[in-house]
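Secondary and tertiary structure notes
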Amino acid sequence: MDMLTGIELGLQTALSWHALMYCLIGVSVGTFVGVLPGIGALAAISLALPLTYYLDPTDALIMLAGIFYGAQYGGSTASILLNLPGTATAAITCLDGYPLAKQGKAPLAIFVTAINSFVGSSFAIILVMGFAPLIAEFALQFGAADYFAVILLGLVAASTMTLGSPFKALAMVVFGLALGMVGTDVNTGQFRFTFGLFELADGFSIVALAMGLFGVAEIIANIGQPAGVMQNVGKIRFRDMLPTRKEWKTIAWPTLRGASIGSFVGALPGTGPGIASLMAYAVEKRISKHPETFGKGALEGISAPEAANNASVQAAFIPTLSLGIPGDAVVAVLMGAMILHGITPGPNLINEQPQMFWGLIMSFWVGNLLLLVLNVPLIGMWVKLLSVPYRLLYPCVLIFICLGVYSANNNVFDIFVVLGFGILGYLMRRAAFPATPVLLGFILGPLLEENFRRAMLLSKGNLMVFFESPISAVFMGLSLLFIASVFLPGVRARLSRRTPKILEDDD
Amino acid sequence: MTRHQISPYLPGAIVVAAGLAIAMVASTYPLGTLLRPGPGFFPMVVAVVLSVLGLGVLGETWAARATSSASQAKPDETAQGPFPWRSVLCTCVAVLVFALTVERFGFVPASCLLIAITAFAETERSWIKLGFVALFIAVFGSAVFIWGLGLPIQAFGAS
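Residues numbered from 1 in each chain as written. Chains lettered and ligands numbered in written order. Predicted model: local features only at pLDDT ≥ 70, side-chain atom pairs only at ≥ 80, totals over all residues.

Observations regarding the overall build of chain B
Scanning chain B from N- to C-terminus turns up seven helices and zero strands. Secondary structure of chain B in N-to-C order comes out as α-α-α-α-α-α-α. Looking at chain B residue by residue over its 159 residues, the buried ones come to 31%. Relative to all contacts within chain B whose residues are 6 or more apart in sequence, the contacts with residues 24 or more apart total 59%. (Helix = DSSP H or I, 4+ residues; strand = E, 2+ residues; numbered from the N terminus. Buried ≥ 20, exposed ≤ 12 C-beta atoms within 10 Å, placed from the backbone. Contact = placed C-beta atoms within 7 Å.)

Describing the overall build of chain A
Helix and strand content of chain A: 24 helices and two strands. Relative to the compact-globule value of 23 Å for 507 residues, chain A shows a C-alpha radius of gyration of 22 Å, a close match. Its C-alpha atoms put chain A at 70 × 50 × 50 Å along the principal axes. Looking at chain A as a whole, 61% of its 507 residues are labelled buried. Sequence separation of at least 24 residues holds for 80% of the intrachain contacts in chain A that already meet a minimum separation of 6. (Rg over C-alpha atoms; globule rule 2.2 N^0.38 Å.)

Looking at the confidence of the model for chain B
Reading fine detail from the predicted coordinates is not recommended where pLDDT is low. Residue and element names in this part refer to chain B. Of all residues in chain B, 89% attain a pLDDT of 70 or more, and the chain-wide mean is 83. Mean pLDDT across the elements of chain B ranges from a minimum in helix H4 (residues 76-80), with 49, to a maximum in helix H6 (residues 107-119), with 92. Taken as a whole, residues 71-78 scores under 50 in pLDDT and shows four contacts with residues more than four places along the chain or in a different chain. Predicted complex metrics record ipTM = 0.89 and pTM = 0.85. (pLDDT = per-residue confidence, 0-100.)

What about the UniProt feature "transmembrane region" (unreviewed entry) in chain B?
Residues and elements named next belong to chain B. The positions UniProt marks with the feature "transmembrane region" (unreviewed entry) are residues 9-29, 41-63, 83-100, 106-123 and 130-150. Within the segment residues 83-100, helix and strand shares are 89% and 0% respectively, and the terminal C-alpha atoms sit 27 Å apart. Between the end C-alpha atoms of residues 106-123 the distance is 29 Å, and the span holds 72% helix and 0% strand. (UniProt positions renumbered as here; feature names shortened; annotations may be inferred.)

Considerations on the interface of chain A and chain B
Of the residues lining the interface, 50 residues belong to chain A; the matching set on chain B comes to 50 residues. If you list the elements that add at least two residues to the side of chain A that touches chain B, you get helix H8 (166-181), helix H9 (206-222), helix H19 (393-409), helix H20 (413-430) and helix H21 (436-458) of chain A.

Side note on the nonpolar core
Grouped together as the largest cluster of nonpolar side chains are 221 residues, with contacts concentrated most on Ile45, Leu64 and Leu334 of chain A. For this core, the element with the most residues is helix H6 (residues 106-139) of chain A, which contributes 19 residues. Two domains each provide a minimum of three residues to this core, namely domain 1 (3-80) and domain 2 (85-148) of chain B. Those residues in contact with Leu64 of chain A that lie beyond four places of it in its chain are Gly26, Ile45, Ala48, Leu49, Thr52, Leu334 and Ala337 of chain A. (Core = buried A, V, L, I, M, F, W, Y, C linked by C-beta atoms within 7 Å. Domains from an automatic or database assignment.)

Digging into unusual backbone geometry
Residues and elements named next belong to chain A. The phi dihedral of Phe193 is positive, around 55 degrees, even though this residue is not glycine. Along the polypeptide, Phe193 turns up in the loop between strand E2 (191-192) and H9. Residue class for Phe193 comes out partly exposed when judged on the 18 C-beta atoms lying within 10 Å of it. Residue Ala432 is not a glycine yet carries a positive backbone phi of 60 degrees. In this structure, Ala432 sits in the loop between H20 and H21. Accessibility expressed as a C-beta count within 10 Å gives 17 for Ala432, which makes it partly exposed.

So, the confidence of the model for chain A
Residue and element names in this part refer to chain A. Per-residue pLDDT for chain A averages 84, and the proportion of residues at 70 or more is 93%. When pLDDT is averaged over each helix and strand of chain A, the minimum, 54, is found for helix H24 (residues 489-498) and the maximum, 93, for H20. Contacts from residues 500-507, a stretch scored under 50 in pLDDT, to residues over four places away or in other chains number 25 contacts.

Here we look at the packing of helix H1 (residues 3-14) of chain A against helix H17 (residues 354-375) of chain A
Residue and element names in this part refer to chain A. For the pair H1 and H17, interaxial distance at closest approach is 7 Å and the crossing angle is 70 degrees. The angle between H1 and H17 falls in the class roughly perpendicular. Judged by residue contacts, Gly6, Ile7, Leu9, Gly10, Leu11, Thr13 and Ala14 of H1 engage Pro354, Gln355, Trp358, Gly359, Ile361, Met362, Ser363 and Val366 from H17. Considering only residue class, the contact of H1 with H17 consists of nine nonpolar, six polar and no charged. (Axes fitted to C-alpha atoms, helices over the stretch in contact; angles between N-to-C directions. Parallel < 35°, antiparallel > 145°, perpendicular 65-115°, else oblique. Nonpolar A, V, L, I, M, F, W, Y, C, P; charged D, E, K, R; others polar.)

So, H8 of chain A
Residues and elements named next belong to chain A. With 16 residues, H8 extends 23 Å from end C-alpha to end C-alpha; this agrees with the ideal 22 Å at 1.5 Å per step. Counting buried positions along H8 yields 15 of 16 residues, so the element is predominantly enclosed. Two residues or fewer after H8 comes Gly183, characterised by a positive phi angle close to 120 degrees. (Expected span 1.5 Å × (residues − 1).)

Focus: the environment of Trp382 of chain A
Residues and elements named next belong to chain A. Within the secondary structure, Trp382 is located in helix H18 (residues 379-387). Looking at Trp382, the number of C-beta atoms within 10 Å reads 22, which means it is buried. Sequence spacing of Trp382 and Arg239 is 143 residues, and the spatial spacing of their C-alpha atoms is 18 Å. For Trp382, the contacting residues outside a window of four places in its chain are Thr31, Val35, Gly74 and Thr77.

Written as structure tokens, this is what we have:
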């Protein structure tokens, strides 16, 4: 199918009244959770996931994806006004956004981040439209060994391209693989790691795992903590929002550079928006003629990272939709949602479900336009939301989490599981172990094992098969490069020196 | 060795221990051969890799402390503040109580208990505002989850 027919089909899907409605719900919920510090997109998506069991899969995906990219828009608002990132990926926006708000330029900063988010997203959506079908077509030739290699690359990239310790991240990805093994072995029917618990025969539920590691852990970390001090902005007038001609010129190139960096990082399997915005910020600071203004309210310092994190969020759909390998933890949960709806993401998706693929992509355009409206003319509404004592929300979120996991199997057992993972997630966070790789390992683990076993059968137990097929050899080589980079102290030292403390958190 | 000297090594040690524990359980499953890997093969590889990475974490902690001990010997715990026992305990108890009561006494009583218990995690609380939260949850939650999605629980009473 060529692109124009695809676009036409996608528009038909995305512009149907129910798709529009679910898209609007998704992006509104996304902005809502993005604005509120302490509740991230991941918790929101896992919460909404059980609600979508009853929806048409395409509508469900449109809504869940809307929450994901909508949160990236909302996240910057709290960064600017409270100096508290609404989402971890907006942490870098605090550095220059909060100083701008202190100078009374909060409306300008909010406008610039909204516009840049839109530009970054648009840039990446075009790339998704162009590249996802090409990559999928290429991936149709993949054998089991090639799949094993590309999944391995995703896992290695996710854990070595992190801001903290690579050993900790790698350990967490392997821990995720271990969690993924719990349940019935597909090849032999053997129960593994179920410890006699009948409830574990199907393995851990992805909803319980994600909500525990991210939702409950986040609540434990935030409950009982003092609230941030909001920068008083008064009434936000549209007049104050518009940049001057000179300011437009300042942000133009940083935005495009941010969008390119974000798209590249996002398209790599396993690497997410957090690292994209950090890289974009570092690049801007390095090439700027006035690096001393960074951290004191430089417009470049908010425009590049905001363009980058939105671009990376959209670009993360390239590996997910074309290879079935999630580009980031949130997309991993989205992929879990597709599997629950009986759709296997992978190279066949675009041919077998063109209406879903193109519908989802065209809904990105619709959603981003809606977000522009939600975040520019209606911004006052969200700012008011920040002055509501949002800690009253924690018990509500906790109840929704409990009900959400309960609804998956109508079993109280999952509530205990979610609590267990919540405590574990909180302890991991304190010890600076990232939670994202656990989720990626959990989702990709079964695929990794299955393709490994298949490759072994096909090659009669020859381990060299992973280096004999050219496709797999390239991926294995890249994985080795990533691992080698861990042991090149120069690269890491430089990266970690630039890392502000606030970014230690997870996506 | 004092507690401050041991505790930084705890995370790495736990990872190593977890790897060894997984290996022990995995060894009870058929390993199979390379030609036909059994259900224990992949878990065994994962367990060994996990233990090795745990050693890596330990080594990294050791290296970091060796370089920083000369200039500033600061235990990690003070950097993050004391462990928030109150938040952790309140959240745990609240969720456990919810799980144990929701099927026996109904969704609304379970939610009220959860809201009341989490309130003790905060340093100050307003029961009036929390009352509104409970009312909202009772109405909205029942409407969406019980009538809308048809969860097999009751608003009040055993299911």
